[in-house]
Amino acid sequence: MDTENELDAVPMMYEFDPGFNQGFTQEQVDEMNQQLNQTRSQRVRAAMFPETLEEGFQIPSARIHPGQSTAVQRLAEPSQMLKHAVANLINYQDDADLAAKAIPELAKLLTDEDQVVVGQAVTMVHQLSKKEASRHALMNSPQMIAALIRAMATTTDPETTRCTAGTLHNLSHHRQGLLAIFKSGGIPALVKLLSSPIESVLFYAITTLHNLLLHQEGAKMAVHLAGGLQKMVALLPRNNVKFLAITTDCLQILAYGNQESKLIILASGGPAELVRIMATYSYEKLLWTTSRVLKVLSVCPNSKAAIVEAGGMGAMAIHLNHQSQRLVQNCLWTLRNLSDAATKVEAMDSLLQTLVQLLSSQDVNIVTCTAGILSNLTCNNHRNKVVVCQVGGIEALVRTVIQAGEGDDITEPAVCALRHLTNRHAEAEVAQNAVRLHYGLPVLVKLLHPPSRWPLIKAVVGLVRNLALCPANHAPLRELGAIPRIVQLLIRSHQDNERHSGHDSQGTLVEGVKMEEIVEGTVGALHILAREGHNRAVIRGLNCIPLFVQLLYSPTENIQRVAAGVLCELAAEKEGSEVIEQEGATAPLTELLHSRNEAVATYAAAVLFRMSDDKSQDYKKRLSVELTSSLFRGDPADWNEPPMDSVNDEMYRGNSPSADDGYLQVAPKGANRQDYDPVGSMQGLVIGHQGYGQEGNGYGPSNLSDAGIYPPAPGSNLPDLGPGMSPRYNGSDISSAAGHQIHFAGMSPDSSQMGAWFDSDV
């Protein structure tokens, strides 16, 4: 007899301590002993094949601790899984065989003239579509799919409609099923169902269409041709948030990259309904999908105006503090695109304060959009400028520029916003001082040098011009070397403009910027800087007066104005007026007296008047008569102080993106940004992916020393600008006057991609 049988043959009795009274009778003790003496094989059989035991037969558990499985139970789990897998295979094959036999007959019944028969057949097909094996059999039968769609399109029975739509919904979870539905012409029939009053039918129809739009090539055009856009917009007033989330995602897919679809949504009243959804609901997936539609529509000029008129700015603003980063980013992108059309919107104080706070975000995408929005909303809007200044906007923007360093996508709009905030409003002088007090001047002068690109340089030059309106900024700007650098930029841009002026009627474009705009901006900045005596001495020493005189012949009226303006300031002293006269400025200035531009004529008169200080009385009298006849002004003495010319804000616009989502993601270097942004997916009700953020600020150095923005020491080299300097404006003239060793070498016009990314106007 083996050991196991020996053990089974010997009864095992357990004696209890007499002092431990559990209250068990002798019969109970005998029963427990009998149960524990079951063989090991019986316990294994009970664990693996419990169905073989007699009904009511119980095997006691051998577990010591209730929360732990016994060794037998753990060993039995794989066998149980195998048993269930075999059973499933048998059932799967049975389902497949049953469907294969039933499908041909059911397809015939679906075409029966008796609607009762059709209804019963549809119900059976619907049941088959709920099981995977039979569902694959249905997808492989084009006749069945065609019969289903035909029955769905012709029936008037609500239950038949529900079952057919449910069947197509089940099939749409497989690519093969989507293809079968598409090829059988199912999209027009599904679009027709979007008018159904039955909730379940609507749900089946919209989810099936959504799956087709996401995964089936050609579905977008088919939905468009079937009038699906109008039907979907008409569904937006419903109040089922999950249904609306799928509907709005369908609209986003259809409108993305399709101008005609955007106009259809606009004509159907879509913008107003979408804004209402943003202002009404709190369901995050719905808010996210709706903000994506609005983001796509916001690059269409017509839709943009409609969204702003419907209150889109406020509806987006209320979600900027939401916990969902992807929602916040979509709202910011939409606000960025709308902001150039919203400069006249009132009651923006709360939004502006939130935007200033968001400049402190650690997410580079949020800061990029925020800077762009502030730039646009402060353009030619005195109220918004004052509000931003009062909530700490200057400090926040200066900090942003310092942290961003050479990142044009952030630096350029931030500098544009500072340019707006330092000009033409009640707090402008405070803002001009604040830029200096928050250590902004060194980094701005550094941005005038390579590797800064021309769009950023243009914005910085305009900001320097505004900062020079504050007398306290003159000495720091001069000490930082701003004047020689601005003269370098003037000479380079003028040379580029002259070199190509005969070939391009639109003017010389470098990195999307007209060189004549750089000429105008640099001369305008020098004009304001020349109001201070020490600055005038530096400008005279840079030997650029001949260039100013040459610019008086420019066909561009604005360049004539700023050139005459800087000469007017330089003529305030005898040394300057003598050089101006020696360079032959009298003839062009006399010609400009007849300019239609009052500022040009007035500046020209003032220069001529100042140049006449050491002339004979007879000359002065003749000049006075000529000036009076040219300008019809009362007192020639007034020409010594020409009126201040006002400079309007420019709403920054580089290359406006044609991609509907702007630059939703950062494109790889060298990639075409307009083609990079992919359409996100939403499977059923699990919509999209989570927004992304970045740890750390990601901008670059956060203090002045790390950023390298301290001014160059005397004798150090300033960055090169380029060869080809004319002998009259050579490097030695400038270096000898400024006390710096300056060389001119090229600034590569294609050093990096354009950073223009938000809708705005220049």
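These numbers were taken from a predicted model, which means no experiment stands behind them.

Scoring rules and cut-offs
- Residues numbered from 1 in each chain as written.
- Predicted model: local features only at pLDDT ≥ 70, side-chain atom pairs only at ≥ 80, totals over all residues.
- Heavy atoms only, no water.
- Salt bridge = Lys/Arg side-chain N within 4 Å of Asp/Glu carboxyl O.
- Helix = DSSP H or I, 4+ residues; strand = E, 2+ residues; numbered from the N terminus.
- Buried < 20%, exposed > 50% of the residue type's maximum accessible area, 1.4 Å probe, protein only.
- Expected span 1.5 Å × (residues − 1).
- Polar contact = N/O pair within 3.5 Å; in protein donor to acceptor, adjacent residues only side chain to side chain.
- Axes fitted to C-alpha atoms, helices over the stretch in contact; angles between N-to-C directions.
- Parallel < 35°, antiparallel > 145°, perpendicular 65-115°, else oblique.
- Left-handed = near helix turned anticlockwise from the far one by under 90°.
- Contact = heavy atoms within 4.5 Å.
- Nonpolar A, V, L, I, M, F, W, Y, C, P; charged D, E, K, R; others polar.
- Phe/Tyr/Trp six-rings, centres within 6.5 Å; stacked < 30°, edge-to-face > 60°.
- Lys NZ or Arg CZ within 6 Å of the ring centre and 35° of its normal.
- Core = buried A, V, L, I, M, F, W, Y, C linked by side-chain atoms within 4.5 Å.
- pLDDT = per-residue confidence, 0-100.
- Disulfide = S-S within 2.5 Å.

### Observations concerning the pattern of salt bridges
Next, step 1: Going through the model one piece at a time under the given rule, you end up with 15 salt bridges.
Next, step 2: A salt bridge links aspartate 340 to lysine 304; the shortest N-O distance between them is 3.1 Å. Note that aspartate 340 is positioned in the loop between helix 20 (325-338) and helix 21 (349-358) and lysine 304 in helix 18 (residues 301-309), a separation of 36 residues in sequence. Summarising the burial analysis for this pair, aspartate 340 and lysine 304 share the class buried.
Next, step 3: Its salt-bridge partner being glutamate 573, residue arginine 536 comes within 3.1 Å of it at the nearest N-O pair. Of this pair, arginine 536 sits in helix 32 (residues 533-541) while glutamate 573 sits in the loop between helix 34 (557-570) and helix 35 (574-582); the two residues are 37 residues apart in sequence, bridging distant segments of the chain.

### Let's talk about helix 37 (residues 598-611)
Next, step 1: Taking 1.5 Å of rise per residue, 14 residues should cover 20 Å, and helix 37 covers 20 Å from first to last C-alpha, within 8% of that figure.
Next, step 2: Where helix 37 is concerned, the buried positions are Val600, Ala601, Thr602, Tyr603, Ala604, Ala605, Ala606, Val607, Leu608, Arg610 and Met611.
Next, step 3: The N-terminus of helix 37 is capped by asparagine 597, whose side-chain oxygen sits 2.9 Å from the backbone nitrogen of alanine 599.

### Here's the deal with the packing of helix 8 (residues 158-171) against helix 11 (residues 199-215)
Next, step 1: Direction vectors running N to C along helix 8 and helix 11 enclose 25°, while the axes themselves pass 9 Å from each other. Between helix 8 and helix 11, the angle falls in the class roughly parallel. Relative to helix 11, the crossing made by helix 8 is left-handed. Residue-level inspection shows Thr161, Arg162, Ala165, Gly166, Leu168 and His169 of helix 8 in contact with helix 11, the latter providing Ser200, Val201, Tyr204, Thr207 and Thr208.
Next, step 2: Split by residue class, the contact of helix 8 with helix 11 holds 4 nonpolar, 6 polar and 1 charged.

### Here's the deal with the packing of aromatic side chains
In this description, a pair of aromatic rings is defined by centroid distance and the angle of the planes.
Next, step 1: Scanning the entire structure with this criterion turns up 1 aromatic pair.
Next, step 2: Lying over the aromatic face of tryptophan 288, arginine 326 brings its terminal NZ or CZ to 4.0 Å of the ring centre.

### Some remarks on the nonpolar core
Next, step 1: Within the largest apolar cluster, 190 residues are counted, with the highest numbers of intra-cluster contacts made by Met232 and Phe548.
Next, step 2: Excluding its chain neighbours within four sequence positions, the residues that come into contact with phenylalanine 548 are Leu490, Val523, Leu526, Ile539, Ala563, Val566, Leu567 and Leu570.

### Let's talk about the confidence of the model for the chain
Next, step 1: Confidence in the prediction for the chain averages 78 pLDDT; 67% of positions are at 70 or higher.
Next, step 2: In the model, residues 1-16 has pLDDT below 50 throughout and makes 12 contacts with residues more than four positions away in sequence or in other chains.
Next, step 3: Within the model, pLDDT remains below 50 along residues 633-644, and this stretch shows 27 contacts once partners closer than five positions in the same chain are excluded.

### Regarding the packing of helix 24 (residues 393-404) against helix 25 (residues 408-421)
Next, step 1: Across the interface, helix 24 lies against helix 25 with an axial gap of 9 Å and an inter-helix angle of 150°. Overall, the two elements helix 24 and helix 25 adopt an arrangement that is roughly antiparallel. Relative to helix 25, helix 24 is oriented so that their crossing is left-handed. For the pair helix 24 and helix 25, the contacting residues are Ile394, Leu397, Val398, Thr400, Val401 and Ala404 in the first and Ile410, Thr411, Ala414, Val415, Ala417, Leu418 and Leu421 in the second.

### Some remarks on the environment of asparagine 211
Next, step 1: Among the secondary structure elements, asparagine 211 is positioned in helix 11.
Next, step 2: Along the primary structure asparagine 211 and isoleucine 246 are separated by 35 residues, whereas in three dimensions their C-alpha atoms are 9.9 Å apart.
Next, step 3: One polar contact links asparagine 211 to serine 172, side chain to side chain, over a distance of 3.1 Å.

### Focus: the state of the cysteines
Each disulfide is one covalent bond, formed between the sulfur atoms of two cysteines.
Next, step 1: Under the counting rule described, the total for this entry stands at 0 disulfides.
Next, step 2: Sulfur of cysteine 379: no disulfide; nearest cysteine sulfur belongs to cysteine 416 and is 9.3 Å away.
Next, step 3: For cysteine 416, a relative accessible area of 0% puts it in the buried group.

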